[in-house]
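Close look at the chain arrangement
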Amino acid sequence: MIRNISKSIVNLNSQKIATNSSFKELVLQSKKPVIVDIRPCYYTPTKFLNKELLEAIKEKKDIFELVTIDFDEEYELAKFLKIQSFPTIIGFSNGNILKKHTGPFRSKSHIQEFLNHVETEHKKEY
């Protein structure tokens, strides 16, 4: 399913898949802060991280949008974002990068710290 979405937006359990053509709309123009998960979608360890991240975002009750970029399918977009390893998680607000994390989070509380930072910085912009 993920391999065949090059020109569309797909919502998978509150999660959107960004493509080169939808990145501006989904991430840069969003009114909410956006957490972007950049990874090869086939890679099992990053699927676990994505599950933990999705649960943490759901606990925040609609504060964030979660967008995934398939590293393999959207290589040029990942290159533009200067992604050198994965998983990479980036917090955006108003088109700006607020925080970037590469590698696995140490714990669920580490994920919460990341989200709290992005939420706090987003609020400062308004």
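Cut-off values and rules
Residues numbered from 1 in each chain as written. Predicted model: local features only at pLDDT ≥ 70, side-chain atom pairs only at ≥ 80, totals over all residues. Heavy atoms only, no water. pLDDT = per-residue confidence, 0-100. Contact = heavy atoms within 4.5 Å. Helix = DSSP H or I, 4+ residues; strand = E, 2+ residues; numbered from the N terminus. Buried < 20%, exposed > 50% of the residue type's maximum accessible area, 1.4 Å probe, protein only.

1. Some points on the confidence of the model for the protein chain
Chain-level pLDDT for the protein chain is 83 on average; 81% of the residues reach the 70-or-more range. Low pLDDT, under 50, characterises residues 1–13; the stretch is placed with 28 contacts to residues that sit more than four places away or in other chains.

2. As for the environment of Pro-104
Structurally, Pro-104 is set in the loop between strand E6 (96–102) and helix H4 (108–124). Given the relative accessible area of 64%, Pro-104 is considered exposed. Considered as a pair, Pro-104 and Ile-89 are 15 residues apart in the sequence and their alpha carbons are 9.4 Å apart.

3. Topic: unusual backbone geometry
Looking along the chain, the bond that leaves Phe-86 and enters Pro-87 is cis, with omega of 0 degrees. Mapped onto the elements, Pro-87 comes out in the loop between helix H3 (75–80) and strand E5 (88–93). Despite not being glycine, Lys-82 shows a phi value in the positive range, around 60 degrees. The class for Lys-82 is exposed, based on a relative accessible area of 66%. With a phi angle near 50 degrees, Asn-94 is a residue other than glycine that sits in the positive phi range.

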